[in-house]
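A look at the structure
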Amino acid sequence: MKLYHGISSVCSIKVRLGLAEIGLGYDEEVLDLPSGDQHDPAYLKLNPDGVVPTLVDAGLVVTESSLILEYLDREYNDSRLMPRGRAAEVAARHWLLRCLAIHAAINTLTFSTAGRDNALASQTAEQIEARLAKMPDPWMRMKRRDLFEHGLESGYVGQALMHLSRMLGDMQAALDRGDWVSGPDFGIVDIALLSYVDRLERLGFEGLWAGAPRVGDWLAAMQARPSYAAEVGGRIEPKAAEGMRAAGAAHWPALERRWRAMNR
Ligand SMILES: N[C@@H](CCC(=O)N[C@@H](CS)C(=O)NCC(=O)O)C(=O)O
C-alpha cells in the first residue's frame, strides 16, 4: 500500500500512527504542502479536494483520515482497535465523525497564528493569492483567506475555540472513566485524537487543557508509545518544531484572553 502524506500534517500523522500501531509497512510519497504539491493535477485525480492523506491499497483509493484508520483496522487488524460492545462502538464512531470539526478547528488555530506568520513572512501578497486560488474547495479557500486577513480576530477562531472546548471537556470526562478515550483499552479514538492535541502542544497552546488535566496525562502516555517516536517525534525536523512552537507561543497571550472570556 502507498500513503500520500505530509510529514507534519495532523491528518497524515493520524494515519501514520495507525499504521505503526497495527504494525503495517507502507510505501510513501511525501507531499510538501507549503509548496503546493497537493494541487498537482496527478494528485488531484486521487484526492480531488487537494488534501492529504490518501491511501492507495491494491488499487483502492481511500481518503479521509478517520475512514483510512477504520479501513486499516478492519482489513488488517480484525478491528482490534475498535472498542467492543454496542455503546462503546457507537461512541467511538461518533468521535471519528467529530474529527471533521476538530480538524477544522485545529486548522483554524494553525493558520490564524504560526501558518499565517510563516506565509506573510515568506510570500508576497500575489504569491499568497495564487496559492489560495489553487485550493479546489471554495469554502476552505474562503476560510484560509479570512484567517490570513484577520489572524486571531477572524470569526472562525471563535467557532474553533467552541469546538475545542467541547472536545477537551468530553476527553476529560472519558478519561475520568478510564485510561483511554476509547475506553478501558487503548484504541482507534486515541489514535484519531492524538495528532490534534499534539499540534496544539506544538503551537505552545497547552494552556487550553489547564482545566482538563487528564488530557495532559493522556497526551504524555500517547507520546511515550513507540508509534509516536517512529511516526511523529522522529519524523518532524527539530528546527521545524522549534519554529512552530516559537511562532505559536507568541500568539498564546491573545488566544488565552479569548479562551478565558469564552470559558468564564
Ligand atoms: N478531513 C480530511 C482533512 C484533510 C486535510 O485538510 N488535510 C490537510 C493537512 S492536515 C491538507 O492537506 N491541507 C492542504 C492545504 O491546506 O492546502 C481528513 O481528515 O483527511
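Residues numbered from 1 in each chain as written. Predicted model: local features only at pLDDT ≥ 70, side-chain atom pairs only at ≥ 80, totals over all residues. Heavy atoms only, no water.

Under an unreviewed UniProt entry, the name given to the protein is Glutathione S-transferase family protein, and the source organism is Psychromarinibacter sediminicola.

Some thoughts on the UniProt feature "domain: GST C-terminal" (unreviewed entry) in the protein
Mapped onto the present numbering, the UniProt feature "domain: GST C-terminal" (unreviewed entry) falls at residues 110-240. The span residues 110-240 is 71% helical and 0% strand by assignment, and the distance between its end C-alpha atoms comes to 14 Å. (UniProt positions renumbered as here; feature names shortened; annotations may be inferred. Helix = DSSP H or I, 4+ residues; strand = E, 2+ residues; numbered from the N terminus.)

Points about the sheet that holds strand β3 (residues 54-57)
Here four strands make up an open sheet; going across it, the order is β2-β1-β3-β4 and the pairing mixed. The open sheet has two edge strands, β2 (27-30) and β4 (60-63), and neither has a second partner. Ignoring which end each strand starts from, the neighbouring axes of this sheet average 20 degrees apart. By the bridge criterion, four bridges tie strand β1 (residues 2-5) to β2 in an arrangement that is parallel. Bridge pairing links Tyr 4 to Glu 29 in β2. (Pairing = 2+ DSSP bridges. Axes fitted to C-alpha atoms, helices over the stretch in contact; angles between N-to-C directions.)

Quick notes on the pairing of β3
Every other side chain in a regular strand lies on the same face of the sheet, so the side chains alternate between the two faces. Because side chains alternate across β3, one face comprises the buried residues Thr 54 and Val 56, and the other comprises Leu 55 and Asp 57, equally buried. In terms of strand pairing, β1 meets β3 through three bridges, oriented antiparallel. In the sheet register, Leu 3 faces β3, and the bridge partner there is Leu 55. Judged from the four bridges that link them, β3 and β4 form a sheet pairing that is antiparallel. (Buried < 20%, exposed > 50% of the residue type's maximum accessible area, 1.4 Å probe, protein only.)

Concerning the nonpolar core
In terms of nonpolar packing, the biggest core is built from 66 residues, with Leu 109, Leu 193 and Trp 218 touching the most fellow members. Residue assignment places this core across two domains, with domain 1 (2-76) and domain 2 (86-263) each supplying three or more. Sequence-distant contacts of Leu 193, defined by excluding residues within four places in its chain, comprise Trp 95, Cys 99, Ile 102, Met 171, Val 181 and Trp 218. (Core = buried A, V, L, I, M, F, W, Y, C linked by side-chain atoms within 4.5 Å. Domains from an automatic or database assignment. Contact = heavy atoms within 4.5 Å.)

Comments concerning the site of the ligand
Among the 13 residues in the neighbourhood of the ligand, the closest are listed as Gln 38, Val 52, Glu 64, Ser 65 and Arg 144. Here an oxygen atom of the ligand sits 2.8 Å away from a polar atom, N or O, in the side chain of Gln 38. Separating an oxygen atom of the ligand from a side-chain N or O atom of Ser 65 is a distance of 2.6 Å. Here the ligand loses 90% of its free accessible area of 520 Å² to cover by the protein chains. For the shell around the ligand, the secondary-structure elements that each account for two or more residues are α1 (10-22) and α4 (86-111). Tallied by class, residues from the shell around the ligand come to six nonpolar, five polar and two charged. Two domains each donate at least three residues to the shell around the ligand, and these are domain 1 (2-76) and domain 2 (86-263). (Near = heavy atom within 4 Å. Polar contact = N/O pair within 3.5 Å; in protein donor to acceptor, adjacent residues only side chain to side chain. Areas by Shrake-Rupley, 256 points an atom, 1.4 Å probe, with all protein chains shown as cover. Nonpolar A, V, L, I, M, F, W, Y, C, P; charged D, E, K, R; others polar.)

What about unusual backbone geometry?
Look at the link from Val 52 to Pro 53: it is a cis peptide, with omega at 5 degrees. Within the secondary structure, Pro 53 sits in the loop between α2 (41-46) and β3. The phi dihedral of Glu 64 falls on the positive side, at around 75 degrees, and the residue is not glycine. Judged by its relative accessible area of 42%, Glu 64 falls in the partly exposed class. Here the phi dihedral of Asp 78 falls at roughly 50 degrees; this positive angle occurs in a residue that is not glycine. Position of Asp 78 among the secondary structure elements: in the loop between α3 (65-76) and α4. Asp 78 gets classed as exposed once you look at its relative accessible area, which sits at 58%.

Concerning the domain arrangement of the protein
Taken as a whole, the protein is organised into domain 1 (2-76) and domain 2 (86-263). Each side of the interface is counted separately: domain 1 has 29 residues, and domain 2 has 27 residues. Where domain 1 abuts domain 2, roughly 2,300 Å² becomes buried across the two surfaces, and 63% of that area is made up of carbon and sulfur atoms. Its largest share of buried area at the contact with domain 2, domain 1 owes to Val 10, Leu 17 and Glu 21, together 26% of the area lost on that side. Linking domain 1 with domain 2 are four salt bridges, by the criterion used here. Taking the shortest distance from any N to any O, the salt bridge between Glu 231 and Arg 16 comes out at 3.0 Å. Taken together, domain 1 and domain 2 are joined by 12 residue pairs in polar contact (both at pLDDT 80 or more). (Buried area = accessible area lost by both parts, 1.4 Å probe. Salt bridge = Lys/Arg side-chain N within 4 Å of Asp/Glu carboxyl O.)

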